[in-house]
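What follows is each chain in one-letter form.
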Amino acid sequence: MAGILYCIGTGPGDPELMTVKAVKTLEGCSIIAAVRASGREAALSIARGAVSLHNKPIIHIDLPMKNPARSYDRAAEALCRALLSGDAALLCLGDASLYASAVRLCKRVRARGYAVKVVPGVPSFCAMAAAAGIPLAMGDTPLQILPYGCEDFAERLKLSGAKIVMKCGAHMDALCDLLDELGLLDKAYGAENVGTDGERIYQDLRSAKDCGYFTTVYIAG
(Lines give C-alpha, C1' and ligand atoms only; values in the text may rest on other atoms or scores of the structure.)
Protein backbone atom coordinates (compact mmCIF):
# COMPACT_ATOMS: atom_id res chain seq x y z
CA MET A 1 0.00 0.00 0.00
CA ALA A 2 1.17 3.52 -0.79
CA GLY A 3 1.90 5.99 1.96
CA ILE A 4 0.07 9.21 2.79
CA LEU A 5 1.25 12.64 1.70
CA TYR A 6 1.11 15.02 4.66
CA CYS A 7 1.18 18.70 3.71
CA ILE A 8 2.66 20.31 6.81
CA GLY A 9 2.52 24.02 7.60
CA THR A 10 5.82 24.97 9.25
CA GLY A 11 4.68 28.43 10.38
CA PRO A 12 6.26 31.80 9.61
CA GLY A 13 9.87 31.23 10.69
CA ASP A 14 10.41 30.33 14.33
CA PRO A 15 10.65 26.52 14.69
CA GLU A 16 8.94 26.85 18.09
CA LEU A 17 5.82 28.08 16.28
CA MET A 18 5.38 24.71 14.59
CA THR A 19 2.42 22.94 16.14
CA VAL A 20 2.78 19.77 18.21
CA LYS A 21 0.82 17.91 15.54
CA ALA A 22 3.13 19.19 12.79
CA VAL A 23 6.20 18.02 14.71
CA LYS A 24 4.75 14.59 15.51
CA THR A 25 3.60 14.09 11.92
CA LEU A 26 6.99 15.12 10.55
CA GLU A 27 8.74 12.72 12.93
CA GLY A 28 6.56 9.88 11.67
CA CYS A 29 7.19 10.47 7.96
CA SER A 30 9.97 8.55 6.28
CA ILE A 31 10.44 10.99 3.37
CA ILE A 32 10.63 14.79 3.31
CA ALA A 33 9.78 17.04 0.35
CA ALA A 34 10.67 20.74 0.27
CA VAL A 35 10.04 23.43 -2.32
CA ARG A 36 13.16 25.34 -3.30
CA ALA A 37 12.79 29.01 -4.30
CA SER A 38 15.76 31.17 -5.39
CA GLY A 39 18.08 28.53 -3.96
CA ARG A 40 16.43 28.71 -0.52
CA GLU A 41 14.33 26.10 1.25
CA ALA A 42 12.86 28.18 4.06
CA ALA A 43 10.28 25.63 5.21
CA LEU A 44 12.95 22.92 5.37
CA SER A 45 15.18 25.18 7.46
CA ILE A 46 12.32 25.79 9.91
CA ALA A 47 11.54 22.08 10.15
CA ARG A 48 15.18 21.24 10.85
CA GLY A 49 15.05 23.57 13.83
CA ALA A 50 12.20 21.56 15.34
CA VAL A 51 12.78 17.94 14.26
CA SER A 52 15.81 15.78 13.60
CA LEU A 53 15.67 14.85 9.92
CA HIS A 54 18.75 12.65 10.09
CA ASN A 55 18.55 9.67 7.73
CA LYS A 56 15.30 10.91 6.15
CA PRO A 57 15.60 11.20 2.34
CA ILE A 58 14.78 14.71 1.10
CA ILE A 59 13.13 15.49 -2.24
CA HIS A 60 14.06 18.98 -3.42
CA ILE A 61 11.26 20.48 -5.53
CA ASP A 62 11.89 23.30 -8.00
CA LEU A 63 8.88 25.11 -9.44
CA PRO A 64 10.19 27.54 -12.09
CA MET A 65 7.71 30.02 -13.53
CA LYS A 66 8.45 28.89 -17.07
CA ASN A 67 5.85 26.25 -17.99
CA PRO A 68 4.51 26.06 -14.40
CA ALA A 69 1.89 23.39 -15.14
CA ARG A 70 4.57 20.96 -16.32
CA SER A 71 6.74 21.80 -13.29
CA TYR A 72 3.87 20.96 -10.93
CA ASP A 73 3.11 17.75 -12.83
CA ARG A 74 6.73 16.63 -12.60
CA ALA A 75 6.86 17.41 -8.88
CA ALA A 76 3.61 15.53 -8.26
CA GLU A 77 4.95 12.50 -10.12
CA ALA A 78 8.07 12.54 -7.93
CA LEU A 79 5.94 12.71 -4.80
CA CYS A 80 3.78 9.80 -5.96
CA ARG A 81 6.88 7.67 -6.58
CA ALA A 82 8.11 8.51 -3.09
CA LEU A 83 4.79 7.48 -1.55
CA LEU A 84 5.36 3.94 -2.78
CA SER A 85 8.05 3.74 -0.08
CA GLY A 86 6.01 5.19 2.79
CA ASP A 87 4.50 8.35 4.23
CA ALA A 88 5.94 11.65 2.99
CA ALA A 89 5.88 15.17 4.39
CA LEU A 90 5.52 18.11 2.00
CA LEU A 91 6.73 21.18 3.88
CA CYS A 92 4.95 24.49 3.45
CA LEU A 93 5.70 27.96 4.83
CA GLY A 94 3.00 29.35 7.09
CA ASP A 95 -0.27 27.54 6.52
CA ALA A 96 -0.88 25.29 3.52
CA SER A 97 -4.36 26.67 2.86
CA LEU A 98 -3.21 30.26 2.37
CA TYR A 99 -1.69 31.17 -1.04
CA ALA A 100 0.55 28.10 -0.94
CA SER A 101 2.01 26.35 -3.98
CA ALA A 102 1.75 23.13 -1.99
CA VAL A 103 -2.02 23.13 -2.58
CA ARG A 104 -1.51 22.66 -6.32
CA LEU A 105 0.84 19.75 -5.67
CA CYS A 106 -1.59 18.12 -3.24
CA LYS A 107 -4.41 18.43 -5.76
CA ARG A 108 -2.35 16.64 -8.41
CA VAL A 109 -1.24 13.89 -6.01
CA ARG A 110 -4.82 13.32 -4.84
CA ALA A 111 -6.01 13.17 -8.46
CA ARG A 112 -3.55 10.31 -9.03
CA GLY A 113 -5.32 8.27 -6.36
CA TYR A 114 -3.06 8.90 -3.35
CA ALA A 115 -4.21 9.97 0.11
CA VAL A 116 -3.39 13.52 1.19
CA LYS A 117 -3.79 15.07 4.63
CA VAL A 118 -3.10 18.69 5.61
CA VAL A 119 -1.59 19.79 8.92
CA PRO A 120 -2.27 23.52 9.48
CA GLY A 121 0.37 26.03 10.52
CA VAL A 122 0.58 29.52 12.01
CA PRO A 123 0.11 32.13 9.25
CA SER A 124 2.57 35.00 8.89
CA PHE A 125 0.11 37.77 9.77
CA CYS A 126 -0.73 36.18 13.13
CA ALA A 127 2.97 36.03 14.00
CA MET A 128 3.36 39.62 12.80
CA ALA A 129 0.55 40.85 15.05
CA ALA A 130 2.10 39.10 18.05
CA ALA A 131 5.57 40.51 17.32
CA ALA A 132 4.22 44.04 16.80
CA GLY A 133 1.94 43.85 19.83
CA ILE A 134 -1.21 44.73 17.88
CA PRO A 135 -4.62 43.00 17.59
CA LEU A 136 -5.68 41.98 14.09
CA ALA A 137 -9.38 42.57 14.71
CA MET A 138 -11.63 43.26 17.67
CA GLY A 139 -15.36 42.88 18.24
CA ASP A 140 -17.28 43.11 14.98
CA THR A 141 -14.39 44.59 12.94
CA PRO A 142 -14.10 42.82 9.55
CA LEU A 143 -10.70 41.58 8.42
CA GLN A 144 -9.72 41.26 4.75
CA ILE A 145 -6.76 39.23 3.47
CA LEU A 146 -5.55 40.57 0.12
CA PRO A 147 -2.68 39.55 -2.16
CA TYR A 148 -1.04 42.69 -3.53
CA GLY A 149 -2.51 43.73 -6.88
CA CYS A 150 -5.59 41.52 -6.73
CA GLU A 151 -8.72 42.46 -8.65
CA ASP A 152 -10.23 45.77 -7.42
CA PHE A 153 -7.29 46.10 -5.03
CA ALA A 154 -7.63 49.85 -4.42
CA GLU A 155 -11.39 49.59 -3.98
CA ARG A 156 -11.03 46.77 -1.47
CA LEU A 157 -8.62 48.90 0.57
CA LYS A 158 -11.34 51.53 0.85
CA LEU A 159 -13.75 49.12 2.55
CA SER A 160 -14.25 49.37 6.30
CA GLY A 161 -12.31 47.16 8.65
CA ALA A 162 -8.75 45.94 8.97
CA LYS A 163 -6.70 44.58 6.06
CA ILE A 164 -3.79 42.22 5.57
CA VAL A 165 -1.77 42.70 2.38
CA MET A 166 0.47 39.79 1.39
CA LYS A 167 3.19 39.33 -1.23
CA CYS A 168 3.88 43.05 -1.37
CA GLY A 169 7.63 43.26 -0.73
CA ALA A 170 8.59 44.09 -4.33
CA HIS A 171 5.84 46.71 -4.54
CA MET A 172 6.32 48.54 -1.25
CA ASP A 173 6.85 52.01 -2.72
CA ALA A 174 3.72 51.73 -4.87
CA LEU A 175 1.71 50.37 -1.92
CA CYS A 176 2.86 53.23 0.31
CA ASP A 177 1.86 55.77 -2.34
CA LEU A 178 -1.58 54.18 -2.67
CA LEU A 179 -2.13 53.99 1.10
CA ASP A 180 -1.04 57.63 1.42
CA GLU A 181 -3.52 58.62 -1.27
CA LEU A 182 -6.29 56.77 0.58
CA GLY A 183 -5.34 58.25 3.95
CA LEU A 184 -4.33 54.84 5.34
CA LEU A 185 -0.55 55.06 5.50
CA ASP A 186 -0.42 56.12 9.16
CA LYS A 187 -2.53 53.06 10.04
CA ALA A 188 -0.17 50.56 8.37
CA TYR A 189 2.46 48.29 9.87
CA GLY A 190 4.80 45.89 8.07
CA ALA A 191 6.86 42.84 8.96
CA GLU A 192 9.13 40.28 7.35
CA ASN A 193 11.01 37.18 8.47
CA VAL A 194 9.09 37.11 11.76
CA GLY A 195 10.62 34.69 14.23
CA THR A 196 14.01 34.53 12.49
CA ASP A 197 17.31 36.35 12.93
CA GLY A 198 16.27 38.60 10.04
CA GLU A 199 13.01 39.73 11.66
CA ARG A 200 12.04 43.31 10.88
CA ILE A 201 8.96 45.17 12.11
CA TYR A 202 8.07 48.41 10.36
CA GLN A 203 6.05 50.86 12.44
CA ASP A 204 6.64 53.37 9.64
CA LEU A 205 5.91 51.60 6.37
CA ARG A 206 8.01 54.08 4.39
CA SER A 207 11.08 52.70 6.17
CA ALA A 208 10.52 49.25 4.62
CA LYS A 209 13.31 49.41 2.04
CA ASP A 210 14.61 46.40 0.10
CA CYS A 211 12.12 44.14 1.85
CA GLY A 212 11.51 40.58 0.69
CA TYR A 213 8.71 38.99 -1.31
CA PHE A 214 6.99 37.59 1.79
CA THR A 215 6.70 40.95 3.56
CA THR A 216 3.26 41.30 5.13
CA VAL A 217 1.44 44.58 5.77
CA TYR A 218 -1.34 45.17 8.29
CA ILE A 219 -3.70 48.16 8.02
CA ALA A 220 -5.72 48.89 11.14
CA GLY A 221 -9.49 49.21 10.84
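Just so it is clear, the structure is predicted and the values come from calculations on it, not from any experiment. (Residues numbered from 1 in each chain as written. Predicted model: local features only at pLDDT ≥ 70, side-chain atom pairs only at ≥ 80, totals over all residues. Heavy atoms only, no water.)

Turning our attention to the environment of Asp204. You can see Asp204 is positioned in the loop between strand S9 (200-202) and strand S10 (216-219). Sequence spacing of Asp204 and Ala188 is 16 residues, and the spatial spacing of their C-alpha atoms is 7.5 Å. Reaching out from Asp204, the side chain makes a polar contact with the backbone nitrogen of Arg206 at a distance of 3.1 Å. (Helix = DSSP H or I, 4+ residues; strand = E, 2+ residues; numbered from the N terminus. Polar contact = N/O pair within 3.5 Å; in protein donor to acceptor, adjacent residues only side chain to side chain.)

With that out of the way, let us pick up the pattern of salt bridges. In the structure shown here, the tally under the stated rule is 8 salt bridges. The partner of Glu77 in a salt bridge is Arg70, with the nearest N and O atoms 3.7 Å apart. Taking the relative accessible area as the measure of exposure, Arg70 reaches 34% and is therefore partly exposed. Between Lys209 and Asp173 there is a salt bridge, and its shortest N-O distance comes to 3.7 Å. Taken together, the residues span a long stretch of sequence, with Lys209 in the loop between S9 and S10 and Asp173 in helix H7 (residues 172-181) at a distance of 36 residues. For Asp173, a relative accessible area of 47% puts it in the partly exposed group. (Salt bridge = Lys/Arg side-chain N within 4 Å of Asp/Glu carboxyl O. Buried < 20%, exposed > 50% of the residue type's maximum accessible area, 1.4 Å probe, protein only.)

Along helix H4 (residues 102-111), the residues that are buried comprise Ala102, Leu105, Cys106 and Val109. Along the long axis of H4, the arc covered by the buried residues comes to 100 degrees, so they all point the same way. Opposite its buried face, H4 presents the exposed residues Lys107 and Ala111, each directed more than 90 degrees away. Looking at the buried positions of H4, the neighbouring elements they touch are strand S1 (5-9), strand S2 (31-36), strand S3 (58-62), helix H3 (68-83), strand S4 (88-92) and strand S5 (116-119). In the segment just after H4, Gly113 is the residue with positive phi, at about 95 degrees. (Arc of directions from axis to C-beta. Contact = heavy atoms within 4.5 Å.)

If you walk across this open sheet you meet the 5 strands as S6-S7-S10-S8-S9, and the pairing is mixed. Bordering the open sheet on either side are strand S6 (143-147) and S9, each of which pairs with just one other strand. Taking the axes of each pair of neighbouring strands and ignoring which way they run, one obtains an average angle of 15 degrees across the sheet. Bridging between strand S7 (residues 162-166) and S10 involves 3 bridges; their strand directions are antiparallel. Bridging from a neighbouring strand, Ile164 pairs with Tyr218 of S10. Contacting S6, S7, strand S8 (188-192), S9 and S10, helix H5 (residues 124-132) runs over the sheet at an angle of about 65 degrees to S10. (Pairing = 2+ DSSP bridges. Axes fitted to C-alpha atoms, helices over the stretch in contact; angles between N-to-C directions.)

This brings us to the packing of H3 against H4. Their axes nearest at 9 Å, the elements H3 and H4 cross at an angle of 60 degrees. Considering their axes alone, H3 and H4 lie oblique with respect to each other. Here H3 and H4 pass one another in a crossing that is right-handed. On the side of H3, the interface is formed by Ala69, Tyr72, Asp73, Ala75, Ala76, Leu79, Cys80 and Leu83, while H4 contributes Arg104, Leu105, Arg108 and Val109. Class assignment for the residues of the contact of H3 with H4 results in 9 nonpolar, no polar and 3 charged. (Parallel < 35°, antiparallel > 145°, perpendicular 65-115°, else oblique. Left-handed = near helix turned anticlockwise from the far one by under 90°. Nonpolar A, V, L, I, M, F, W, Y, C, P; charged D, E, K, R; others polar.)

Next up on the list: H3. An ideal rise of 1.5 Å per residue puts 22 Å on 16 residues; H3 measures up with 23 Å between its terminal C-alpha atoms. Those residues of H3 lying buried are Ser71, Tyr72, Ala75, Ala76, Ala78, Leu79, Cys80, Ala82 and Leu83. Buried positions along H3 lie against S1, S2, S3, S4 and H4. (Expected span 1.5 Å × (residues − 1).)

On to the sheet that holds S4. Taken together, 5 strands build an open sheet; the order of strands is S3-S2-S4-S1-S5 and the sheet is parallel. Of all strands in the sheet, those with a lone pairing partner are S3 and S5, marking the two edges. Going from strand to strand, the sheet's axes swing by 25 degrees on average, the running direction of each strand aside. Sheet strands touched by helix H1 (residues 20-28): S1, S2, S4 and S5. Its angle to S1, the strand with the most contacts, is close to 140 degrees.

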